[in-house]
Amino acid sequence: MKPIYSVIVFLILITTSAISSIHNYHSTQWMIEEDLNHALVQTLKTKSEGWITPDTIKTYKNNISITALRDYAYISYALPKDNRTGITSKSMKWHGNGKTFVFKGYAACSMATMLSLSDQRLPMTLASLAMLWAIFSLAIRKKQEKNVVYSQTASFGGIILDEVQDIFTDKNSNEIHLTPMQHQLMKLFFSAENHKLSKDKICSSLWPKKEDASDTLYTLIKRLRPTLEKHSSLKIVSDRGKAYHLKAK
């Protein structure tokens, strides 16, 4: 799986979670405002005087349908410059005894209270899925990276071919210094099935323009053998002069 796909899925889940959370938050805010308006209308209908009394506050709280909101709600006169925080109802007028008073309902709700009153189950579920997806994607990514490392190394008889750095190392990760031709020959052996190569295959690969490279090949293998014996358990065995086989002792 490509990393970009993992990022896209993660962003979709997180974005959907955030949008859902904000929508539910504003829906709850609207619902509270409507409840405050309804409670204020019902309270003013039963009010016989313009003063706010303990009974007025009690009646207002009882008229609120959202039970959890009653602890935060109160009624007050609507002031021209009102800096009080929280959610408010509409301003409503009360007329009596030749006087007019303007009232407002208030709910001193913090953001935490609003979130607790709103339904955040879907946003939390989506956020949890996003986190699980991120963990899953990271685990897959690490596994892929590990597989890439394995695919870029080959080991045989105590010698390791590091295809990334294009070097041969011993079992202690020390580089084995080979001549360019020795290096090419070893790569041919490592890539060949059963590490066996015909004489013609080697000559055509290493000296494509040379008509007869038998002696050159013989010399190359002769000089390579001591290096292999020194750093590994490998040896090059001749098969009737027609092929060469890289074997572990």
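See the structure printed just above.
Residues numbered from 1 in each chain as written. Predicted model: local features only at pLDDT ≥ 70, side-chain atom pairs only at ≥ 80, totals over all residues. Heavy atoms only, no water.

Undergrad: Just checking my understanding: could you explain the sheet that holds strand β10 (residues 243–248) for this structure?
TA: Two strands in a sheet stick together by hydrogen bonds in their backbones, pointing the same way (parallel) or opposite ways (antiparallel). Read across the open sheet, the three strands follow the order β8-β10-β9; overall the sheet is antiparallel. At either margin of the open sheet sits one strand with a lone partner, and together these are β8 (196–198) and β9 (234–239). Ignoring strand direction, the axes of neighbouring strands in this sheet form an average angle of 20 degrees. Relative to β10, β8 is paired through three bridges, and the arrangement is antiparallel. Residue pairing across strands places leucine 197 opposite tyrosine 244, the latter belonging to β10. Strand contacts of helix α5 (residues 180–191): β8, β9 and β10, with the helix running at about 75 degrees to β10, the strand carrying the most contacts. With respect to the sheet, helix α6 (residues 199–206) is in contact with β8 and β10, its orientation differing from that of β8 by roughly 80 degrees. (Pairing = 2+ DSSP bridges. Helix = DSSP H or I, 4+ residues; strand = E, 2+ residues; numbered from the N terminus. Axes fitted to C-alpha atoms, helices over the stretch in contact; angles between N-to-C directions. Contact = heavy atoms within 4.5 Å.)

Undergrad: Would you explain the pattern of salt bridges in this entry?
TA: Pairing between side chains becomes possible if they bear opposite charge and their charged atoms approach one another. Tallying each qualifying case throughout the model produces four salt bridges. Across the salt bridge formed by glutamate 49 and lysine 47, the nearest N and O atoms sit 3.8 Å from each other. Taking the relative accessible area as the measure of exposure, glutamate 49 reaches 28% and is therefore partly exposed. Under the relative-accessibility criterion, lysine 47 is labelled buried at 9%. For aspartate 166, the salt bridge identified is with lysine 187, shortest N-O distance 3.1 Å. Of the two residues, aspartate 166 sits in the loop between β6 (159–162) and β7 (167–169) while lysine 187 sits in helix α5, which places them 21 residues apart along the sequence. A relative accessible area of 35% means that aspartate 166 is categorised as partly exposed. (Salt bridge = Lys/Arg side-chain N within 4 Å of Asp/Glu carboxyl O. Buried < 20%, exposed > 50% of the residue type's maximum accessible area, 1.4 Å probe, protein only.)

Undergrad: Please clarify how the environment of glutamine 182 should be interpreted in this entry.
TA: Structurally, glutamine 182 can be placed in helix α5. Put simply, glutamine 182 and leucine 220 are 38 residues apart on the chain and 6.9 Å apart in space, counted from C-alpha to C-alpha. Beyond its immediate chain neighbours, meaning those up to four positions away, glutamine 182 contacts Leu220, Arg223 and Leu224. For glutamine 182, the side chain forms a polar contact with the main-chain nitrogen of threonine 179, separated by 3.1 Å. (Polar contact = N/O pair within 3.5 Å; in protein donor to acceptor, adjacent residues only side chain to side chain.)

Undergrad: Which parts of the structure should I look at to understand the nonpolar core?
TA: It is characteristic of soluble globular proteins that their nonpolar side chains tend to be buried jointly. Formed by 27 residues in total, the largest nonpolar core has its most connected members in Met186 and Leu246. Looking at this core, the elements that each hand over two or more residues are β6, α5, α6, α7 (214–231), β9 and β10. Leaving out residues up to four positions away in the same chain, methionine 186 has contacts with Ile159, Phe168, Leu178, Leu224, Leu228 and Leu246. Leu44, Tyr60, Ile64 and Ile87 belong to the second-largest nonpolar core, a separate cluster that totals 20 residues. (Core = buried A, V, L, I, M, F, W, Y, C linked by side-chain atoms within 4.5 Å.)

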